[in-house]
Amino acid sequence: MSRVINPEGAGRERNQLVKAVVLAIRELMRQTEPNEHSRDLAAFIALALLQISETVESSVAAWEKKGYWVKADRFRMEWAWAERLGKQMRQAVLEDDWAAVARVAAQVGEKLSGVDVPVRHRLGQPWVGAWQQLRQ
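Residues numbered from 1 in each chain as written. Predicted model: local features only at pLDDT ≥ 70, side-chain atom pairs only at ≥ 80, totals over all residues. Heavy atoms only, no water.

Turning next to the pattern of salt bridges. This structure, assessed with the given rule, holds 7 salt bridges. Here Glu-36 and Arg-39 are joined by a salt bridge, their closest N and O atoms 3.3 Å apart. Residue Glu-36 and its partner Arg-39 are both found in helix α2 (residues 36-65); the two are separated by 3 residues, about one turn of the helix. Across the salt bridge formed by Arg-76 and Glu-57, the nearest N and O atoms sit 3.0 Å from each other. Residue Arg-76 is located in helix α3 (residues 69-78), and its partner Glu-57 is located in helix α2; the two are separated by 19 residues in the primary sequence. Looking at Arg-76, the relative accessible area reads 24%, which means it is partly exposed. We classify Glu-57 as partly exposed; its relative accessible area is 40%. Among the charged side chains, a salt-bridge network with shared partners connects Glu-57, Glu-64, Asp-73 and Arg-76. (Salt bridge = Lys/Arg side-chain N within 4 Å of Asp/Glu carboxyl O. Helix = DSSP H or I, 4+ residues; strand = E, 2+ residues; numbered from the N terminus. Buried < 20%, exposed > 50% of the residue type's maximum accessible area, 1.4 Å probe, protein only.)

So yeah, pure geometry; function would need other evidence.
Below is the structure:
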């Protein structure tokens, strides 16, 4: 019997979320003043970063089963910023602190500067409705 491979793994989900966050940051930086669209963008960035930190734990679980403790810890340290910045962004959005939103978005953009998102992507606009989801 052959082994079953799940094509919708944590790594793939993390890559899609990272690309969506990069798109949201680009769009957020184009905004001239805070409005509902910018709230959706900032809320999406916060939610996506928190979701990225959850995928890190599911990726690491397989390595820990095999005893790759050092590899697991390095991976956790490499992605530790996602949860920290996600919480900061969530707090800033809920408080309408747009200076903090811009600061955190710049930090996230710096961390994800190596991510290339093509002009013709299939991600759409995943941030639509994120503000309502964050408030719940």
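Moving on from the model shown.
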